[in-house]
Amino acid sequence: MIYDTTAPFYDLFDADDPGALWHREFVLARTKGIDAVMDVGAGTGRTAMALAERGLRVWAVEPSRGMRGVMLARLGDDTSLDERLTIVPGDAQTCDLGRSFPLIVFSHALYLLDGSAARVAALANLAGHLAPGGRLIVDFALEEGRAERPRVLAAERRIGEAVYRRFSESIRGGDRLWAVTWAFEVEIAGQVVERAEDTFRISTATLAECRASLAAAGLRPVAEFADYSGRALGDPADASRYVSETARIAG
Ligand SMILES: C[S@@+](CC[C@H](N)C(=O)[O-])C[C@H]1O[C@@H](n2cnc3c(N)ncnc32)[C@H](O)[C@@H]1O
């Protein structure tokens, strides 16, 4: 399963990456007056746990055992979130939590699904989990603003005598299809002692196709952004992401 091998490294560089902070703040700003959140593709739980720490009940749905393992390790022997955080092995297309939610978050994950039929199936399943008046936050990888990037050193961190590095690369692999590689290495005393790498198939869509997928799943955008900082969505050619806050068309 993707992310299983790279999960231990996933959060290491967050301190230098505003994206994680933007996401947490974006979601937290939409929790006023609500008590429960479903976080789908919750990853290492960085946002799910922040929500639980604020007193919300959170269902974190995550298919990768490696990512769920990091979430559990973050909890460790701290039982303070046990009453509020439920970690569910599951998938956006098929999960059934048997209840509805006023807020659902499906972030940095929809583009990992293979093509538009899978996208619509996942969005429709999540729309079916929305309580009346509820909101689903989701983002798409935009085709228009995407450019190939050769492998570059994206981040580096020293922990004790070890240097951790993350490399990333983005290559076009076909129509609406990109191969994005995240590679990690650990170096001690000039020797690389560990490597881990994941290549993700990223399924992109034009802005019009994103909106069509939402409509096909019974969802309508109520607010649209270019990223989780809240940057306005202007010309899609200037954005690599489309963040949509959505509601059910009916009800
Ligand atoms: C880039 S991480 C994002 C994690 C988290 N949402 C965040 O924003 O930090 C993508 C996550 O989506 C998960 N994922 C992949 N396919 C999925 C699917 N079909 N349904 C739900 N989650 C999926 C991966 O296992 C991974 O943990």
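Note that the structure is a prediction, hence the values are computed from the model and not measured.

**Some words on the sheet that holds strand β3 (residues 85-88)**
The strand order across the open sheet built from 7 strands is β3-β2-β1-β4-β5-β11-β10, with neighbouring strands paired in mixed fashion. At either margin of the open sheet sits one strand with a lone partner, and together these are β3 and β10 (219-225). In this sheet, neighbouring strand axes are inclined to one another by 20° on average, regardless of whether the strands run parallel or antiparallel. Across the sheet, helix α2 (residues 46-53) lies against β1 (36-40), β2 (57-61) and β3, angled at about 165° from β2, the strand it touches most.

**Considerations on the site of the ligand**
Near the ligand lie 17 residues; those nearest to it are Y3, G41, R46, E62 and H108. Here an oxygen atom of the ligand and a side-chain polar atom of E62 are 2.6 Å apart. Interatomic distance of 2.9 Å between a backbone N/O atom of A92 and a nitrogen atom of the ligand. Burial of the ligand by the protein amounts to 95% of the accessible area it has alone, namely 600 Å². Its residues assigned to classes, the shell around the ligand comprises 9 nonpolar, 5 polar and 3 charged.

**Some thoughts on the domain arrangement of the protein**
The domain architecture assigned to the protein consists of domain 1 (7-143 + 205-248) and domain 2 (149-203). For domain 1 and domain 2, the distance between their C-alpha centres works out to 24 Å. At the interface, 15 residues of domain 1 touch 19 residues of domain 2. At the boundary of domain 1 with domain 2, total buried surface from both sides reaches about 1,500 Å², with 60% on carbon and sulfur atoms.

**Brief notes about the pairing of β3**
Note: β2 against β3, 4 bridges, orientation parallel. When the sheet's bridge partners are listed, V61 is paired in β3 with V88. With helix α3 (residues 65-75) bridging β2 and its parallel neighbour β3, the resulting β-α-β unit is right-handed.

**Description of the environment of Y228**
Within the secondary structure, Y228 is located in the loop between β10 and β11 (241-248). Along the primary structure Y228 and V243 are separated by 15 residues, whereas in three dimensions their C-alpha atoms are 6.9 Å apart. Contact partners of Y228, with chain neighbours within four places excluded, come to W22, H23, F26, S107, H108, I137, V138, D139 and V243. Of the polar contacts made by the side chain of Y228, one reaches the side chain of S107; its length is 2.9 Å.

**Examining the pattern of salt bridges**
Following the criterion strictly, the structure yields 17 salt bridges and no others. A salt bridge links R46 to D14; its shortest N-O distance comes to 2.9 Å. Of the two residues, R46 sits in helix α2 while D14 sits in the segment before α1 (18-28), which places them 32 residues apart along the sequence. Among the charged side chains, a network of salt bridges with common partners joins D11, D14, R46 and R74.

**Re the sheet that holds strand β6 (residues 149-159)**
Strand-to-strand pairing in sheets goes through backbone hydrogen bonds, with the strands running parallel or antiparallel. Taken in spatial order, the 4 strands make up an open sheet running β6-β7-β8-β9, and their pairing is antiparallel. A single partner strand is all that each edge strand has here, and the edge strands are β6 and β9 (191-203). With direction set aside, neighbouring strand axes in the sheet form an average angle of 15°. Pairing between β6 and strand β7 (residues 162-174): 8 bridges, direction antiparallel. When the sheet's bridge partners are listed, E156 is paired in β7 with R165.

**Overview of the packing of helix α4 (residues 115-127) against helix α5 (residues 207-216)**
Taken N-terminus to C-terminus, the directions of α4 and α5 make an angle of 45°; their axes are 8 Å apart at the nearest point. As the angle between them shows, α4 and α5 are arranged oblique. Between α4 and α5 lies a crossing of right-handed hand. Taking contact as the criterion, the partners of R119, V120 and L123 in α4 are, on α5, S213, L214 and A216. Per-class residue counts for the contact of α4 with α5 are 4 nonpolar, 1 polar and 1 charged.

**Let's talk about the packing of aromatic side chains**
Enumeration according to the criterion identifies 12 aromatic pairs in this entry. Pairing F9 with F184 gives two aromatic rings, centres 5.1 Å apart and planes at 15°, and the pair type is stacked. Taken as a pair, F9 in the segment before α1 and F184 in strand β8 (residues 177-188) lie far apart in primary sequence, 175 residues in all. The two residues F9 and F184 agree in class, both being buried. For the ring pair F140 and Y242, a centre distance of 5.5 Å and an interplane angle of 20° mean the geometry is stacked. Separated by 102 residues along the polypeptide, F140 in strand β5 (residues 130-141) and Y242 in strand β11 bring together distant segments of the chain. Note on accessibility: F140 and Y242 belong to one class, buried. Aromatic ring contacts, followed pair by pair, group Y3, F9, Y10, F13, Y164, W182, F184 and F200 into a single cluster.

Cut-offs applied
- Residues numbered from 1 in each chain as written.
- Predicted model: local features only at pLDDT ≥ 70, side-chain atom pairs only at ≥ 80, totals over all residues.
- Heavy atoms only, no water.
- Pairing = 2+ DSSP bridges.
- Helix = DSSP H or I, 4+ residues; strand = E, 2+ residues; numbered from the N terminus.
- Axes fitted to C-alpha atoms, helices over the stretch in contact; angles between N-to-C directions.
- Contact = heavy atoms within 4.5 Å.
- Near = heavy atom within 4 Å.
- Polar contact = N/O pair within 3.5 Å; in protein donor to acceptor, adjacent residues only side chain to side chain.
- Areas by Shrake-Rupley, 256 points an atom, 1.4 Å probe, with all protein chains shown as cover.
- Nonpolar A, V, L, I, M, F, W, Y, C, P; charged D, E, K, R; others polar.
- Domains from an automatic or database assignment.
- Buried area = accessible area lost by both parts, 1.4 Å probe.
- Right-handed = clockwise from strand over helix to strand, strands pointing away.
- Salt bridge = Lys/Arg side-chain N within 4 Å of Asp/Glu carboxyl O.
- Parallel < 35°, antiparallel > 145°, perpendicular 65-115°, else oblique.
- Left-handed = near helix turned anticlockwise from the far one by under 90°.
- Phe/Tyr/Trp six-rings, centres within 6.5 Å; stacked < 30°, edge-to-face > 60°.
- Buried < 20%, exposed > 50% of the residue type's maximum accessible area, 1.4 Å probe, protein only.

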